[in-house]
Amino acid sequence: MTKLRNTTGESILYSALLAFVSLFVNGFGVYLTIHADIGAAPWDVLNLGLSKTLGIIYGTASISVSVLILIIDILLKQPIGIAMIIDAITVGKSVDFFNWLDIVPKPKTLLGAVIMMIIGLFIIAYTQYTYMAAALGCGPRDTLIVGLNKIFKKLPIGLISICILSTATLIGFILGGKVGIGTLICAFLSGPIMQFAFHTAKFDATGIKHQNMRESLRVITGKQNK
């Protein structure tokens, strides 16, 4: 898939639709990793912990965390794109939708659960590629890592990511989120699987220039050249 330029209102609408569909399917991948029931990914441990503690559904917990991170991103003066808003809302509610459908049977063996989780990670990776190709902003969590890296310049971005994920996991675990072998699988395989997906799709994430909200609005209102 080639980089979308988003130079017209129509192209921005198409990109936003692409981001929405990608993130909705991404939610199915997240659903599978949770449904495997062998421990969730770090951010989902937090979402599930909040859900259990506050008595709210997963999607509401996910949106609450995403909005909080978006606010932090804004305070860190990071660019906010249309797709970031879509991300904050869509994934959590997509997981709720698939929970409601309840059409995927729970795995009866550990091997089956591991396979389900890995399938979920592949779905997440490939939909991350199509979502990023929309060029309307990265996810709130990725933006947070970049923003903190700009503040703590002497720290490797990988260390910052580990610290954030560890904190999310610890808080989620204290609140009752499930930690297990699946958490380790997500922690160690998510990166390689995403790299594999990007490689097979011939996608260079660094070659994408994401359009922030202000730029998108200027294009939509016809003021980009004024």
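Predicted model, so just to flag it, every value in this text is computed and none were measured. (Residues numbered from 1 in each chain as written. Predicted model: local features only at pLDDT ≥ 70, side-chain atom pairs only at ≥ 80, totals over all residues. Heavy atoms only, no water.)

## Some points on the overall build of the protein
Here is the rule we go by: Going along the chain from the N terminus, every DSSP run of H or I of four or more residues is numbered as a helix, and every run of E of two or more is numbered as a strand. Within these notes, the globule rule equals 2.2 Å times the number of residues to the 0.38 power, and the radius of gyration is based on C-alpha atoms.
Counting secondary structure elements, the protein contains nine helices and zero strands. Helices and strands appear in the protein in the N-to-C order α-α-α-α-α-α-α-α-α. Computed over the C-alpha atoms, the radius of gyration of the protein is 18 Å, within 12% of the 17 Å expected from 2.2 N^0.38 for a compact globule of 226 residues. With the principal axes as the frame, the protein shows a C-alpha extent of 60 × 40 × 35 Å.

## A closer look at the layout of surface pockets
If you roll a probe as big as a water molecule over the atoms, it shows you where there is empty space left. Heads up, the condition is: The distinction between a cavity and a pocket rests on a 1 Å grid over the protein atoms alone: a 1.4 Å probe fits inside a cavity but cannot get out, while a pocket stays open yet meets protein on both sides within 12 Å along at least five of seven lines, and a residue with an atom within 4 Å of a point counts as lining. Grid points are joined across faces, edges and corners, and a volume is the space filled by probe spheres set on the points.
Of the voids in this model, the largest pocket is the one considered here, and its volume is about 1,400 Å³. Lining the largest pocket are 45 residues; nearest its centre among them are Trp 43, Asp 142, Leu 165, Ser 190 and Met 194. Counting residues per element, the ones that place at least two in the lining of the largest pocket are α1 (9-35), α2 (42-54), α3 (58-75), α4 (82-101), α5 (110-133), α6 (140-151), α7 (157-174) and α8 (181-200). Here the lining of the largest pocket gets nine residues from one element, more than from any other, and that element is α8.

## Brief notes about the pattern of salt bridges
Basically, it comes down to this: A pair is scored as a salt bridge if a Lys or Arg side-chain nitrogen falls within 4 Å of a carboxyl oxygen belonging to Asp or Glu.
Within this structure, the stated rule accounts for three salt bridges. With a closest N to O distance of 3.4 Å, Asp 96 and Lys 93 form a salt bridge. In this pair, Asp 96 and Lys 93 are both assigned in helix α4, three residues apart and thus about one turn of the helix distant.

## Considering the side chain of Asn 26
Cut-off, in case you're wondering: Whether two residues touch is decided by their heavy atoms; if any such pair falls within 4.5 Å, the residues are in contact.
Counting through the fold element by element, Asn 26 comes out in helix α1. Leaving out residues up to four positions away in the same chain, Asn 26 has contacts with Val 91, Ile 124, Thr 127 and Gln 128.

## With respect to α2
Where we set the bar: Take the number of residues in a helix, subtract one, and multiply by 1.5 Å to get its expected span. In this scheme, a residue with accessible area under 20% of its type's maximum is buried, one over 50% is exposed, and one in between is partly exposed, where area comes from a 1.4 Å probe on protein chains only.
Taking 1.5 Å of rise per residue, 13 residues should cover 18 Å, and α2 covers 18 Å from first to last C-alpha, within 8% of that figure. Within α2, burial applies to Pro 42, Trp 43, Asp 44, Val 45, Leu 46, Asn 47, Gly 49, Leu 50 and Ser 51. Elements that come into contact with the buried residues of α2 comprise α1, α3, α6, α7 and α8. Positive backbone phi, approximately 70°, marks Gly 55, located one or two places after α2.

## Overview of the packing of aromatic side chains
Keep this limit in mind: Any two rings among Phe, Tyr and Trp, with Trp reduced to its six-membered ring, count as a pair given centres within 6.5 Å; such a pair is stacked if its planes are under 30 degrees apart, edge-to-face if over 60, and tilted if neither. A ring is considered to have a charge above it if a Lys NZ or an Arg CZ atom is located within 6 Å of its centre and within 35 degrees of its normal.
Counting across every chain of the model gives eleven aromatic pairs. Both rings, one in Phe 24 and one in Phe 97, keep their centres 5.7 Å apart while their planes meet at 50°; by these two values the pair is tilted. Of this pair, Phe 24 sits in helix α1 while Phe 97 is found in helix α4, placing the two residues 73 residues apart along the sequence. Taking relative accessible area as the criterion, Phe 97 reaches 34% and is therefore assigned partly exposed. Ring geometry for Phe 97 versus Phe 98: centroids 5.3 Å apart, planes at 75°, classification edge-to-face. Ring-pair connections join several aromatic residues into one group, and the members of that group are Phe 20, Phe 24, Phe 28, Tyr 31, Phe 97, Phe 98 and Trp 100. Positioned above the aromatic ring of Trp 43, the side-chain terminus of Arg 141 is 5.2 Å from the ring centre.

## Notes on the confidence of the model for the protein
Low pLDDT means the predicted coordinates in that region are not meant to be read closely. What counts, and what does not: One confidence number per residue, pLDDT, is output by the predictor and ranges from 0 to 100.
Per-residue pLDDT for the protein averages 90, and the proportion of residues at 70 or more is 97%. α2 holds the highest mean pLDDT among the elements of the protein, 96, whereas α6 holds the lowest, 86.

## Comments concerning a nonpolar patch on the surface
Just so we agree on the cut-off: Each patch groups residues whose relative accessible area exceeds 30% and which form no salt bridge, using 9 Å between like charges and 5 Å between nonpolar side chains of Val, Leu, Ile, Met, Phe, Trp and Tyr. Exposure was quantified through the Shrake-Rupley algorithm and a 1.4 Å probe, taking into account, for residues, occlusion by the shown protein chains and nothing else.
A cluster of nonpolar side chains, Leu 17, Phe 20, Val 21 and Val 25, forms an exposed patch at the surface whose accessible area comes to about 330 Å². Along the chain, Val 21 falls in helix α1. Judged by relative accessible area, which is 44%, Val 21 ranks as partly exposed.

## Description of the packing of α3 against α6
Quick reminder of the rule: The axes are straight lines fitted to the C-alpha atoms, using for helices just the contacting stretch, and the angles between their N-to-C directions are given from 0 to 180°. By convention the crossing between two helices is left-handed if the near helix lies anticlockwise of the far one by an angle smaller than a right angle, and right-handed if it lies clockwise. Nonpolar residues are Ala, Val, Leu, Ile, Met, Phe, Trp, Tyr, Cys and Pro. Charged residues are Asp, Glu, Lys and Arg, and all others, Gly as well, are polar.
Packing of α3 against α6 brings their axes to within 9 Å, and their N-to-C directions diverge by 30°. In the crossing of α3 with α6, the sense of the turn from one axis to the other is left-handed. On the side of α3, the interface is formed by Ser 62, Val 65, Ser 66, Ile 69, Leu 70, Ile 72 and Asp 73, while α6 contributes Pro 140, Arg 141, Thr 143 and Leu 144. Tallied by class, residues from the contact of α3 with α6 come to six nonpolar, three polar and two charged.

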